[in-house]
Amino acid sequence: MTGGRRFSQAISEGDGISLIATVRAPEEARRAEGDGAEALLVYSGLEGQLVAIRAATSLPILFFWDGEHAESLEGADACIVEAGNREWLEHVHLELGDRFELALRIHQEDHLEAALENLDPELFVLAAPDEDDPLEHVLELLPDVPAGKLAIAELPIAGPEEVAELERAGVDAVIVGAANVSELVGDAPPAL
């Protein structure tokens with residue numbers, strides 16, 4: 001794994017839910033860190049920004065992987081990868097597993113079961129794409145995440161009420177827009 005920043009450690013510390021801010025540039029990363037984010041998310045296509053973002057912040061960086069070579073991900077600490085069949089997960093592990101923590105993105109319960117059988121990751125991203133009630137969908141997936149694993153929610157967040165509900169349910173972190181961090185943490189960054 002790169003550097004001394006363990007993504008999983010950053011989001012599991014403290015009592016509250018961690019905010020993972022989606023950023024595109026170093027300025028957004030600095031602002032998100034100042035506003036109280038505990039980690040950053042950079043999407044595929046922006047791997048050229050990773051080194052500059054890494055230089056701008058001490059927060060761990062989660063990268064949304066879409067097949068890029070591991071060598072092009074300098075600055076990232078962990079990668080979100082889509083759950084898939086055994087062959088796909090073996091490919092992912094060979095490409096990324098020794099360099100980055102892996103967070104498997106789960107849409108359905110059977111994807112979670114397959115991921116546990118084939119890779120047994122520590123991190124799960126519970127995603128709710130195109131759902132009528134994305135919060136309910138994430139909360140339905142959550143009980144299937146085994147104890148000792150970390151759950152990250154990926155869904156549209158309307159405000160602090162949804163973050164509080166995810167926290168009460170036991171979600172460890174939630175992905176939010178960088179511009180929303182300060183409103184979601186309130187007056188002070190989350191307790192560490």
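The structure this text deals with has already been given above.
Read on for a plain summary of the structure. Quick caveat, the model's predicted, so the values are computed rather than measured. (Residues numbered from 1 in each chain as written. Predicted model: local features only at pLDDT ≥ 70, side-chain atom pairs only at ≥ 80, totals over all residues. Heavy atoms only, no water.)

## Thoughts on the environment of N85
As a reminder of what qualifies: In this text, helices come from DSSP runs of H or I with a minimum length of four residues, and strands from runs of E with a minimum of two, each type numbered from the N-terminal end. The classification of residues rests on relative accessible area computed with a 1.4 Å probe and restricted to protein chains. Under 20% of the type maximum is buried, over 50% is exposed, and intermediate values are partly exposed.
Positionally, N85 belongs in the loop between β4 (78-82) and α4 (86-96). The partly exposed category is assigned to N85, whose relative accessible area is 47%. For the pair N85 and A115, spaced 30 residues apart in the sequence, the C-alpha separation amounts to 8.2 Å.

## Section: the packing of aromatic side chains
Where we set the bar: Note on aromatic pairs: the rings of Phe, Tyr and Trp (six-membered ring only in Trp) are paired at centre separations within 6.5 Å, and the planes decide the class, stacked below 30 degrees, edge-to-face beyond 60, tilted for the rest.
Tallied over the full model, the rule gives 2 aromatic pairs. An angle of 25 degrees between the planes, with centres 5.2 Å apart, marks the rings of Y43 and F64 as stacked. With Y43 in strand β2 (residues 39-43) and F64 in strand β3 (residues 61-64), this pair connects stretches of sequence that are 21 residues apart. Residue classification places Y43 among the partly exposed positions, given a relative accessible area of 29%.

## Quick word on the environment of E33
The test is simple: Contacts are assigned to residue pairs that have any heavy atoms within 4.5 Å of one another. Between N or O atoms, a polar contact is any pair within 3.5 Å; within protein, one atom must be a potential hydrogen donor and the other a potential acceptor, and residues adjacent in sequence are included only when both atoms are from side chains.
Relative to the assigned elements, E33 resides in helix α2 (residues 26-35). C-alpha of E33 to C-alpha of E131: the two residues are 98 residues apart in sequence and 30 Å apart in space. The residues touching E33, leaving out its near neighbours within four places in the chain, are A56, T57, S58 and L59. At 2.7 Å, the side chain of E33 and the side chain of T57 are in polar contact.

## Structural notes on the pairing of strand β5 (residues 101-106)
Two faces make up the sheet, and in a regular strand the side chains alternate between them. Operational definition: Strand pairing requires that DSSP identify at least two bridges connecting the strands.
Taking burial as the measure, the 6 residues of β5 include 6 buried ones, the bulk of the element. Here β5 shows no split at all, with E101, A103 and R105 on one side and L102, L104 and I106 on the other all buried. In terms of strand pairing, β4 meets β5 through 5 bridges, oriented parallel. The partner of C79 across the bridge, within β5, is L102.

## With respect to the nonpolar core
This is how it is decided: The nonpolar core is taken to be a set of buried Ala, Val, Leu, Ile, Met, Phe, Trp, Tyr and Cys residues, with the residues joined through side-chain atoms within 4.5 Å.
With 52 residues, the main nonpolar core has V23, L40, L73, L96, L126, L166 and V174 as its most contacted residues. What L40 contacts, discounting residues up to four positions off in sequence, is I20, A21, V23, A29, A32, I53, T57, L59, P60, I61 and L62.

## Digging into helix α7 (residues 160-169)
As a reminder of what qualifies: The arc in question is the one traced by the directions running from the helix axis out to the C-beta atoms.
Every buried residue of α7 is listed here: E162, V163 and L166. Angular distribution of buried residues about the axis of α7 spans 100 degrees; they occupy a single face of the element. What points out from α7, more than 90 degrees from its buried face, is the exposed set E161 and R168. As for α7, its buried residues are in contact with β1 (18-22), α6 (134-141), β7 (150-154), β8 (173-177) and α8 (181-185).

## Let's talk about the packing of α6 against α7
Just so we agree on the cut-off: For helices, the fitted axis covers only the stretch in contact; all axes are lines through C-alpha atoms, and the angles between them, taken along N-to-C directions, range from 0 to 180 degrees. Each angle receives one of four descriptions, namely roughly parallel if under 35 degrees, roughly antiparallel if over 145, roughly perpendicular if within 65 to 115, and oblique otherwise. Amino acid classes used here: Ala, Val, Leu, Ile, Met, Phe, Trp, Tyr, Cys and Pro are nonpolar; Asp, Glu, Lys and Arg are charged; the rest, including Gly, are polar.
Where α6 meets α7, the closest approach of the two axes is 11 Å, and the angle between their N-to-C directions is 10 degrees. Accordingly, the angle class assigned to the pair α6 and α7 is roughly parallel. Packed against α6, whose contacting residues are L135, V138 and L139, the element α7 presents E162, E165, L166 and A169 at the interface. The class makeup of the residues in the contact of α6 with α7 is 5 nonpolar, no polar and 2 charged.

## Regarding the pairing of β4
For β4, the tally of buried residues reaches 4 of 5 residues, placing the bulk of the element in the interior. Bridge count between β3 and β4: 3 bridges; the pairing is parallel. Among the inter-strand pairings, F64 is bridged to a residue of β4, identified as I80.

## Considerations on a negative patch on the surface
Cut-off, in case you're wondering: Distance thresholds for patches are 9 Å for like charges and 5 Å for nonpolar side chains (Val, Leu, Ile, Met, Phe, Trp, Tyr), applied to residues having over 30% relative accessible area and no salt bridge. Surface exposure here means Shrake-Rupley accessible area, sampled with a 1.4 Å probe, where a residue is shielded only by the protein chains that are shown. By convention in these notes, a salt bridge is any Lys or Arg side-chain nitrogen within 4 Å of a carboxyl oxygen on Asp or Glu. Counted as positive: Lys and Arg. Counted as negative: Asp and Glu, with His and the chain ends omitted from the count. Every charge is mapped onto a representative atom, which is NZ of Lys, CZ of Arg, CG of Asp or CD of Glu.
Together, D130, E131, D132, D133, E136, E140 and E165 line one region of the surface with negative charge. Of note, E136 is situated in helix α6. Using a relative accessible area of 37% as the deciding quantity, one classes E136 as partly exposed.

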